[in-house]
Amino acid sequence: MQDRDSLHQFLFEQFPVRGHIVHLDATWAALLEHRTYPAEIRDTLGEAVAASVLLASTVKFDGLLTLQLQGQGPMHLLLAQCTNTLNVRALARYREDPKTRDLSVLSGEGRLTVTVETDNLSQRYQGIVPLTGERLADCLQGYFEHSEQLPTRLWLYADEHGASGMLLQRLPAGNVDTSSRLSEIDDAWKRVQLLADTLKPAELRTLSDREILHRLFNEDDVRLFDSAPVSFRCKCSHERVESVLQSLGEAEVRSILTERPDVEVQCDFCNRTFNFDAVDVERIFKPGAGEGTGTRH
Ligand SMILES: [Zn+2]
């Protein structure tokens, strides 16, 4: 199959609408290797990872985009992250096995947060909306409507084999001089959304991107750009975990050492384990240690 673990951008030549298609296969398998989820949560997580790549592809930044769902339902937390270099990681936490994929039940009375932050933390943008809708794509549509961004729609699908998504975004029209041209663009925007609604989940998952575009928009002039690879890579490191220990505080960390020979910290995203013995802890809490490091893990 073509176009696996990749992101493709495309552009309608006749009107200001662009799109992106992403497929995660080996990346999705690598992500699931560390954790087993009930199917309902797994598929929601897959959709969220695909969405995080699509959202990251619409913003110009050097850093990290985080899509977060938080609520009171069986799945109380979901995090999906994508860097500007298209490295993804994700996790979900749940209290009980869910009986449904309906997000309003799965996540409960929750909220959806999208955070974009630059690597040096100099810039940060955050948008929060209540979780409304049964599926993540519906909630994200609400997010775009409420955060006064460019009109955007997403189509997402994930199962045990992979996760895929497509995004369409209406761009600013630029110098449109006639109202008839503007209504032409309005009509085109409505029409491409209706066409995209006809795409079946199986088609989104298995067709190549060229086939998807032909299947949906064969009457339009669509330019497909080169694809970019997407991969699973965790951002965790010894340094980052040290800063987490520093934020926990010396007393807390030392109290762990009274019960066991070292402090063990496991990354929730990739299961990598980090160990710190008494010598490490001494070094971490030495006056002046850790200055200038961030607190992100
Ligand atoms: Zn990790």
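Residues numbered from 1 in each chain as written. Predicted model: local features only at pLDDT ≥ 70, side-chain atom pairs only at ≥ 80, totals over all residues.

### Brief notes about the pairing of strand 4 (residues 75–83)
Note: strand 3 (residues 63–70) against strand 4, 7 bridges, orientation antiparallel. Counterpart to Q70 in the pairing with strand 4 is L77. Here strand 3 hands over to strand 4 after 4 residues, the two strands then running antiparallel side by side. Bridge analysis of strand 4 against strand 5 (residues 87–94) gives 7 bridges, and the strand direction is antiparallel. Considered in strand 5, the bridge of L79 is made with L91. The turn linking strand 4 back onto strand 5 is made up of 3 residues, and L86 within it adopts a positive phi angle of 65°. (Pairing = 2+ DSSP bridges. Helix = DSSP H or I, 4+ residues; strand = E, 2+ residues; numbered from the N terminus.)

### Observations concerning helix 7 (residues 209–217)
All of the buried residues in helix 7 are D209, I212, L213 and L216. Each buried residue of helix 7 sits inside an arc of 95° when the element is viewed along its axis, so together they form one side. Considering only its buried residues, helix 7 is in contact with strand 1 (6–12), strand 2 (17–24), helix 5 (179–197), helix 6 (201–206) and strand 10 (222–224). (Buried ≥ 20, exposed ≤ 12 C-beta atoms within 10 Å, placed from the backbone. Arc of directions from axis to C-beta. Contact = placed C-beta atoms within 7 Å.)

### Some details on helix 2 (residues 39–58)
Within an α-helix, residues lying three or four positions from one another point in the same direction, as the helix has 3.6 residues per turn. Given a rise of 1.5 Å per residue, 20 residues ought to cover 28 Å, and the 29 Å separating the end C-alpha atoms of helix 2 matches this to within 8%. Most of helix 2 sits inside the fold, with 17 of its 20 residues counted as buried. (Expected span 1.5 Å × (residues − 1).)

### Side note on the domain arrangement of the protein chain
By a widely used convention, the size of an interface equals the accessible area lost when the partners come together. Here the protein chain is partitioned into domain 1 (6–171 + 182–232) and domain 2 (238–284). For domain 1 and domain 2, the distance between their C-alpha centres works out to 35 Å. (Domains from an automatic or database assignment.)

### Brief notes about unusual backbone geometry
Despite not being glycine, D5 shows a phi value in the positive range, around 50°. Within the secondary structure, D5 is located in the segment before strand 1. C-beta crowding within 10 Å serves as the criterion here: with 20 such atoms nearby, D5 is assigned to the buried category. Backbone geometry at N271 places phi at a positive 70°, although glycine is not the residue there. Structurally, the position occupied by N271 is in the loop between strand 13 (262–266) and strand 14 (273–277).

### Examining the environment of G174
Position of G174 relative to the elements: it lies in the loop between strand 9 (163–170) and helix 5. Exposure remark for G174: the 6 C-beta atoms within 10 Å place this residue in the exposed category. For the pair G174 and S164, spaced 10 residues apart in sequence, the C-alpha to C-alpha distance is 31 Å.

### Examining the nonpolar core
Of all hydrophobic cores here, the largest spans 62 residues; its most connected members are A48, V49, A50, A51, V53 and L156. Here the element with the most residues in this core is helix 2; it accounts for 10 residues. Ignoring sequence-local partners within four residues, the contact set of A48 consists of L67, L78, A80, A90 and L136. Within the second largest apolar cluster, 7 residues are counted, among which are C236, V241, L245 and V265. (Core = buried A, V, L, I, M, F, W, Y, C linked by C-beta atoms within 7 Å.)

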